[in-house]
Amino acid sequence: MFFSDCKAWLRSTVTVMTSSTVSEPNRPVFKVHVILRTIGEMSSESQGFVKGEAAAALPSSASASTQGPPLSPSTTSRAPELPDELVQAGWAKCWSRRENRPYYFNRFTNQSLWEVPVLGQHDVISDPLGLNAAPAESGESNLGNGQRKRRSSGEQGAGPNTLKRAKVEPTTPISPSTPGGKPWSSAPEDKPAQTNTPSTPATAPAPATATATAPATAPATATATAPTPAPYRPSVIYWDLDVQTNAVIRERPSAMDLPPHPEIELQRAQLVTKLRQHYHELCHQREGIDPPRESFNRWLLERKVIDKGQDPLLPSDCEPIISPSMFREVMNDIPIRLSRIKYKEEARKLLFKYAEAAKRMIDSRNASPESRKVVKWNAEDTMNWLRRDHSASKEDYMDRLEHLRQQCGPHVTAVAKDSVEGICSKIYQLSAEYSRRLRETHMGLLQDPATEVPESPQPSRLVYCYPVRLAIPTPSLPRVELHFENDVACLRFKGEMVKVNRGHFSKLELLYRYSCIDDPRFEKFLSRVWCLLKRYQVMFGNSNNEGTGLQGALPVSVFEALNRQFGVSFECFASPLNCYFKQYCSAFPDIDGFFGSRGPFLSFRPVSGSFEANPPFCEELMDRMVTHFEDLLEQSSEPLSFIIFIPEWRDPVTPALTRMEESRFLRHQLSVSAYEHEYRSGSQHVCKREDMYYRAVHGTAVLFLQNDAGFAKWAPTPERLAELTAAYRPSLSRTSSLSSPGPAHISPGDRDSTLKACDRTQSSVMSPSDHDNNNNNNGSTSSSPQDKLAVTEGQSL
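Residues numbered from 1 in each chain as written. Predicted model: local features only at pLDDT ≥ 70, side-chain atom pairs only at ≥ 80, totals over all residues. Heavy atoms only, no water.

Take the overall build of the protein chain next. Counting secondary structure elements, the protein chain contains 20 helices and 15 strands. Contacts in the protein chain between residues at least 24 apart in sequence constitute 74% of all its contacts with a sequence separation of at least 6. (Helix = DSSP H or I, 4+ residues; strand = E, 2+ residues; numbered from the N terminus. Contact = heavy atoms within 4.5 Å.)

This is the structure we're talking about:
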């Protein structure tokens, strides 16, 4: 301030002296110029003059709307005032003319701090949320460097000369992202990750526009070799996000799904829970049974296969209204739900309960005289036989139960048909009403919702597959709280908490960095993670182990063999929580797209590439999957390969398995025996390490569907198949905690105690209006009790 006053006084003096010398040209004034130059040099040295600072200053008369982006400050050539480590990391000391005090700027990350930066405390590239930041020693110990920014400008408000950074509009990529090194090395599933400190990964390049010929460059990232803070390093890694895709698609428009919002997701969770309760009450009131386990989850899957509605989870526009899946599973538990039988006394009690329930049901319903006669006679005959014979074996009781079901099943089905159809219809109508209500609320939260579907880019180019992009911008999202409890990340919004283990939380952070283009500062990351976890929690259900089988995945060793031997780089059915590659298809493009999803597989149309498919074991979904495979293979002349893993259900065989075995694109089929292989749990993001794997209680069929070019490139040779088979064997260093995600546990020695090795829920009851194409081969008679005794969870392993 002193030097500024001196300079102003001297300038005024010079003006007076100069004007006075007009009449006296011979009077010397050179001493004044010497004094001014000396004062200027002293002022530059004392204030740490920044080169180029004058270029950044704008005239006060300029409009804020016409101002360009600010220039990045740069330092003078004089000796640095910071330690060498900070200088190598990109930090420089600069001077703020507005605040009249020094600040610190990082030319790599464009980060500005008032305080002296602490090396290793918080790096916004490797740790954008500051989760791994060391505590600071100042009063703001709970804030990382990224949070202790220049607050004064924000607190004072935006003035007329406020500078804003130009916004980079998201565009459509024409090539897969090529991020830098991984934050941690990819170790096998039971091999601890290496302990060396990895380099900071480079930010993925921004995608190119529809008219561009090359991808645009990304924001500047760190290129120095200075040590960087290591992010959280999981002890075991179940993914490899460095594998680049070979899947090629045609360029597609942005999706018209509404962007996720925590308020809407919370309301959707409440409505889905309410719908589950309605389903439970209807089954109890009308049929006197509990809802079949997982039947509501499979109803959601089966409905979304044909649903044309706009809600990502709740069906609202389906034809037919009556769900074949829900109808079949409810009918399969009438008049009572059958369970696994291990001992003779259990078989005796089950036979008695079935006979008693069938008689009671036929008496209380509007049945024909013939039906009453047949059911009552067989039920009474069974009860008399139970009273007379006490020396029968378990097999005798089960044979008698099968005979009773064959005699009474058709009549019981005819009596209960209208009631079960009413349950299915009521649940669908409630779902449609809830979906309409949610969309109205959601549209009200959007500032400027788009109403027109964008046209496909012309001409449609072949590009590497890229994540789903939403056409509707995301509004500002509410705050979500984050804290850690030991190794678990807890996210809370309005009292609703969702949890994920810290390893998978770091995985979501990586996927978000690779895939999201509208949130470079991670300001919406926690809100979107909360929406993601809440969505899958609602789809799974609240019961213990419920829904986890719907997200079951192959072991890591199998994925490694598939990638190494068959070039597989893409999963057709996955989620951000259980994916192995960073490119995959999933059920919810509106929220999963921010974490790398390419959208639902049934709407994904690749031209070439090698793919793995392990679908949820829902028969309607698997049938549509086969149709989609054959259409893609028929239309493409480029190398295209699908390796499918589905349960080997043979009694009766599923239509999907039959169709693939008869397909002209089938190149090879491999069978893996039951109890000799395992799956990764669908709850891997929250379960303990010892519960990560479970043995499969059914055989698995591995089928290779390839066109001619795909067969020439990725042929299933004996050597490749031998390595894949070896990778499928369970590891000796771990033990699977469960035989299935359900409550029953069966060891290999108990196989004979289970009535059906395929462990599958299947009924021969024809669906209403003959819409159930999956049961065309069952005829009109009831299936054996072994079918009903099979565990429902077998479909979703």
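Moving on, we get to unusual backbone geometry. Put simply, Glu319 and Pro320 share a cis peptide bond, and its omega is 10 degrees. The topology assignment puts Pro320 in the loop between α7 (295–306) and α8 (324–332). Note the cis peptide between Ile334 and Pro335, where omega equals 5 degrees. Counting through the fold element by element, Pro335 comes out in the loop between α8 and α9 (344–364). Unlike most non-glycine residues, Asn100 shows phi in positive territory, near 60 degrees. Within the fold, Asn100 resides in the loop between β1 (91–96) and β2 (101–106). Of note in the backbone geometry, Lys494 takes a positive phi value of approximately 50 degrees without being a glycine.

What follows concerns the packing of aromatic side chains. In the structure shown here, the tally under the stated rule is 28 aromatic pairs. A centroid spacing of 5.8 Å and a plane angle of 85 degrees characterise the contact between Phe559 and Phe581, whose relative ring orientation is edge-to-face. With Phe559 in helix α14 (residues 556–566) and Phe581 in the loop between β9 (570–571) and α15 (589–592), this residue pair connects regions lying 22 residues apart in the sequence. Taken together through their ring pairs, the aromatic side chains of Phe570, Phe573, Phe601, Phe604, Phe611, Phe629 and Phe642 make up a single cluster. One Lys or Arg, Arg535, reaches over the ring of Phe588 and ends 4.9 Å from the middle of that ring. (Phe/Tyr/Trp six-rings, centres within 6.5 Å; stacked < 30°, edge-to-face > 60°. Lys NZ or Arg CZ within 6 Å of the ring centre and 35° of its normal.)

Moving on: the pairing of strand β7 (residues 488–493). Summarising the sheet, strand β6 (residues 481–485) and β7 pair through 5 bridges and their orientation is antiparallel. The residue of β7 that forms the bridge with Glu485 is Val488. Here β6 hands over to β7 after 2 residues, with Asn486 in that stretch at a positive phi of 55 degrees. Of the pairings in the sheet, the one linking β7 to strand β8 (residues 496–501) comprises 6 bridges and is antiparallel in character. (Pairing = 2+ DSSP bridges.)

Glancing now at the nonpolar core. The nonpolar side chains of a soluble globular protein tend to be buried, and buried together. One finds Leu491, Phe595 and Phe642 to be the most contacted residues of the largest nonpolar core, which totals 160 residues. Ranked by residues supplied to this core, first place goes to helix α11 (residues 394–445) with 15 residues. Not counting residues within four places of it along the chain, the set of residues in contact with Leu491 comprises Val480, Glu481, Leu482, Glu496, Met497, Val498, Val500, Phe505, Leu526, Val529, Trp530 and Leu533. Counting residues in each nonpolar core, the second largest holds 6 residues, with Leu86, Trp91, Tyr104 and Leu113 among its members. (Core = buried A, V, L, I, M, F, W, Y, C linked by side-chain atoms within 4.5 Å. Buried < 20%, exposed > 50% of the residue type's maximum accessible area, 1.4 Å probe, protein only.)

Okay, the sheet that holds β2 next. On the basis of which strands lie adjacent, the open sheet formed by 3 strands has the order β1-β2-β3 and antiparallel pairing. Two strands lie at the open edges of the sheet, namely β1 and β3 (111–113), each paired on one side alone. Averaged over all neighbouring strand pairs, the angle between strand axes comes to 30 degrees, with direction disregarded. (Axes fitted to C-alpha atoms, helices over the stretch in contact; angles between N-to-C directions.)

So, about the environment of Gln267. With respect to the helices and strands, the residue Gln267 is situated in helix α6 (residues 262–287). Along the chain, Gln267 and Leu438 lie 171 residues apart, while their C-alpha atoms are 7.5 Å from each other. For Gln267, the contacting residues outside a window of four places in its chain are Arg437, Leu438 and Thr441.

A separate point is the pattern of salt bridges. For the structure on display, the rule yields 31 salt bridges. The salt bridge involving Lys494 is made with Glu263; its shortest N-O contact spans 2.5 Å. With a gap of 231 residues between them, Lys494 in the loop between β7 and β8 and Glu263 in helix α6 connect regions that are remote in the sequence. We classify Glu263 as partly exposed; its relative accessible area is 30%. Note that Asp381 and Arg400 form a salt bridge whose closest N and O atoms lie 2.4 Å from each other. Note that Asp381 is positioned in helix α10 (residues 369–388) and Arg400 in helix α11, a separation of 19 residues in sequence. Beyond isolated ion pairs, a larger network of salt bridges with shared partners links Glu265, Arg268, Asp311, Arg535 and Asp590. (Salt bridge = Lys/Arg side-chain N within 4 Å of Asp/Glu carboxyl O.)

Moving on: the confidence of the model for the protein chain. The pLDDT averaged across the protein chain works out to 75; a share of 65% of its residues lies at or above 70. Element-level mean pLDDT values for the protein chain span from 35 in helix α3 (residues 53–56) up to 98 in β9. Contacts for the low-pLDDT stretch residues 14–36, under 50 throughout, to residues beyond four places or in other chains number 8 contacts. Within the model, pLDDT remains below 50 along residues 134–229, and this stretch shows 203 contacts once partners closer than five positions in the same chain are excluded. (pLDDT = per-residue confidence, 0-100.)

Quick look at α14 now. Burial runs high along α14: 8 of the 11 residues are buried. Of the residues flanking the end of α14, it is Gly567, one or two places downstream, whose phi is positive at about 65 degrees.

What follows concerns the sheet that holds β6. The 3 strands are arranged β6-β7-β8 in an open sheet whose pairing can be described as antiparallel. If you trace the sheet from one side to the other, it starts and ends with β6 and β8, each paired once. In this sheet, neighbouring strand axes are inclined to one another by 25 degrees on average, regardless of whether the strands run parallel or antiparallel. In the packing of helix α12 (residues 502–515) onto the sheet, the strands contacted are β6, β7 and β8, and the crossing angle to β8 comes to about 95 degrees.

This paragraph deals with the side chain of Asn501. One can find Asn501 in strand β8. In this structure the side chain of Asn501 is engaged in a polar contact, spanning 3.1 Å, whose partner is the backbone oxygen of Gln684. The residues contacting Asn501, other than those within four sequence positions of it, are Asp487, Val488, Gln684, His685 and Val686. (Polar contact = N/O pair within 3.5 Å; in protein donor to acceptor, adjacent residues only side chain to side chain.)

A separate point is the pairing of strand β15 (residues 700–706). Of all 7 residues that make up β15, 7 are buried, and the element is covered over most of its length. Here β15 shows no split at all, with Thr700, Val702, Phe704 and Gln706 on one side and Ala701, Leu703 and Leu705 on the other all buried. Relative to β15, strand β11 (residues 640–647) runs antiparallel, the two sharing 7 bridges. Within β15, the position partnered with Ile646 by the bridge is Ala701. Examined bridge by bridge, strand β12 (residues 666–672) and β15 share 6 bridges and lie antiparallel to one another. In the sheet register, His668 faces β15, and the bridge partner there is Phe704.

The full count for this structure, using the stated rule, is 0 disulfides. Cys572 takes part in no disulfide bond, and the closest cysteine sulfur, belonging to Cys585, lies 6.3 Å away. Cys572 sits in the buried class, given a relative accessible area of 1%. (Disulfide = S-S within 2.5 Å.)

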